[in-house]
Structure formats: C-alpha cells, structure tokens
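Topology and contacts: notes
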Amino acid sequence: MWLVIAADLLLFLSYYLVFLTMRENSYAGRTVIVEEGQNVIDTGPYRWIRHPMYAGVILLMLATPLSLDSWYALIPAVLIIPTLIIRILDEESTLSSELPGYDDYRKKVHSRLIPGVW
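Bear in mind that the values here come from a model prediction, so they are computed numbers and not experimental data. (Residues numbered from 1 in each chain as written. Predicted model: local features only at pLDDT ≥ 70, side-chain atom pairs only at ≥ 80, totals over all residues. Heavy atoms only, no water.)

Before going further, it helps to spend a moment on the pattern of salt bridges. This structure, assessed with the given rule, holds three salt bridges. We note a salt bridge from R50 to E92, for which the minimum N-O separation is 2.6 Å. Remark: E92 occurs in helix α3 (residues 74-98) and R50 occurs in the loop between α1 (2-24) and α2 (52-67); sequence separation between them is 42 residues. Overall, the relative accessible area of 6% leaves R50 in the buried class. Among the residues examined, E92 registers a relative accessible area of 2% and is labelled buried. (Salt bridge = Lys/Arg side-chain N within 4 Å of Asp/Glu carboxyl O. Helix = DSSP H or I, 4+ residues; strand = E, 2+ residues; numbered from the N terminus. Buried < 20%, exposed > 50% of the residue type's maximum accessible area, 1.4 Å probe, protein only.)

Right, here's the structure in full:
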C-alpha cells in the first residue's frame, strides 16, 4: 500500500513537472522544429535540466505501473526509456545546429534529465 501511495505522489510530481515545462516553453511539441524568432528557454525547470518534459514523462511511465500495482507494466515502461534517450540526442543535435544560443545553454545547464547525473 505504501508503494502505491508513493507512486501516486510521483505521478503528481511528474504531471506537475510536465505542466511547468509546457507553461514555460510554448515551443514544446511533438516534433522538433525551430521556429523563426524562437529563443532558448532557460527559466523554470530548464534552469536545472535541459529536457524537463522528458524527465516528467519518464517518471510518469515508471510511476504508473507502481501506482496500479502492475509489475508487468514496468517492462514496456522501462523499454521506452532508450527510445526517449535517442530522441533527446537527436533533438539536441537539431537544436545545436538550428537554434542560436543553444550551445551556450548546454554549457550552462549540463544535465539532460537528472541533475548531476545525465
């Protein structure tokens, strides 16, 4: 029961992180497109990690099976993470080449998903 309650709290935090990210970055979307006049976002959760929405989504995917007490559902959740990592690397390549100031932001904010880890 305690694990389910803790997972529910993680779900809340993951949704809150995604909400903060979308509130801070109006350019966030399904596809990686650099729009004319787009600038680097370095406020809100972007102060600590470069991809807060993905961090929130990964947390959501890992907490949901625990919240539902469905251990088997952890398997696909864990298997999706490498796909998101590949997407992050591809997105960073695009932003580095097309978004002015992104390389300076990468030097300032080192962590992609987990502060101090990656």
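Our next topic: the confidence of the model for the protein chain. Scored by pLDDT, the protein chain has a mean of 93; 100% of the residues are at 70 or more. Within the protein chain, the lowest mean pLDDT, 94, falls on α3, and the highest, 96, falls on helix α4 (residues 102-108). (pLDDT = per-residue confidence, 0-100.)

If you want to describe how two helices pack, look at the angle between their axes and the distance between the axes. As a packed pair, α2 and α3 sit with axes 9 Å apart at the nearest point and diverge in direction by 175°. Taken together, the axes of α2 and α3 are roughly antiparallel relative to one another. Residues Y54, V57, I58, M61, L62, P65 and L66 of α2 pack against L74, A77, V78, I80, I81, L84, R87, I88 and E91 of α3. Classifying every residue of the contact of α2 with α3 by side-chain character gives 14 nonpolar, no polar and two charged. (Axes fitted to C-alpha atoms, helices over the stretch in contact; angles between N-to-C directions. Parallel < 35°, antiparallel > 145°, perpendicular 65-115°, else oblique. Contact = heavy atoms within 4.5 Å. Nonpolar A, V, L, I, M, F, W, Y, C, P; charged D, E, K, R; others polar.)

Further remarks concern α2. The terminal C-alpha atoms of α2, which comprises 16 residues, lie 22 Å apart, in line with the 22 Å expected from a rise of 1.5 Å per residue. For α2, the full list of buried residues reads P52, Y54, A55, G56, I58, M61, A63, P65, L66 and S67. Buried residues along α2 sit in contact with α1 and α3. (Expected span 1.5 Å × (residues − 1).)

It is worth spelling out the packing of aromatic side chains at this point. What characterises a pair of aromatic rings is the spacing of the ring centres plus the angle enclosed by the ring planes. This model, assessed by the stated rule, comprises three aromatic pairs. Pairing Y102 with Y105 gives two aromatic rings, centres 5.7 Å apart and planes at 50°, and the pair type is tilted. Within this pair, Y102 and its partner Y105 are both found in helix α4, separated by three residues, close to a single helical turn. Here Y102 matches Y105 in class, with each residue buried. Pairwise contacts between aromatic rings join F12, Y16 and F19 into one cluster. (Phe/Tyr/Trp six-rings, centres within 6.5 Å; stacked < 30°, edge-to-face > 60°.)

Looking now at the side chain of Q38. Secondary-structure assignment places Q38 in the loop between α1 and α2. A distance of 2.9 Å separates the side chain of Q38 from the backbone nitrogen of E35, its partner in a polar contact. Those residues in contact with Q38 that sit more than four places away from it in its chain are Y27, I33 and L99. (Polar contact = N/O pair within 3.5 Å; in protein donor to acceptor, adjacent residues only side chain to side chain.)

Bringing the side chain of R50 into the picture now. Within polar-contact distance, the side chain of R50 engages the backbone oxygen of H110 at 3.1 Å. In contact with R50, other than residues within four places in its own chain, are E92, Y102, Y105, R106, V109, H110, S111 and R112.

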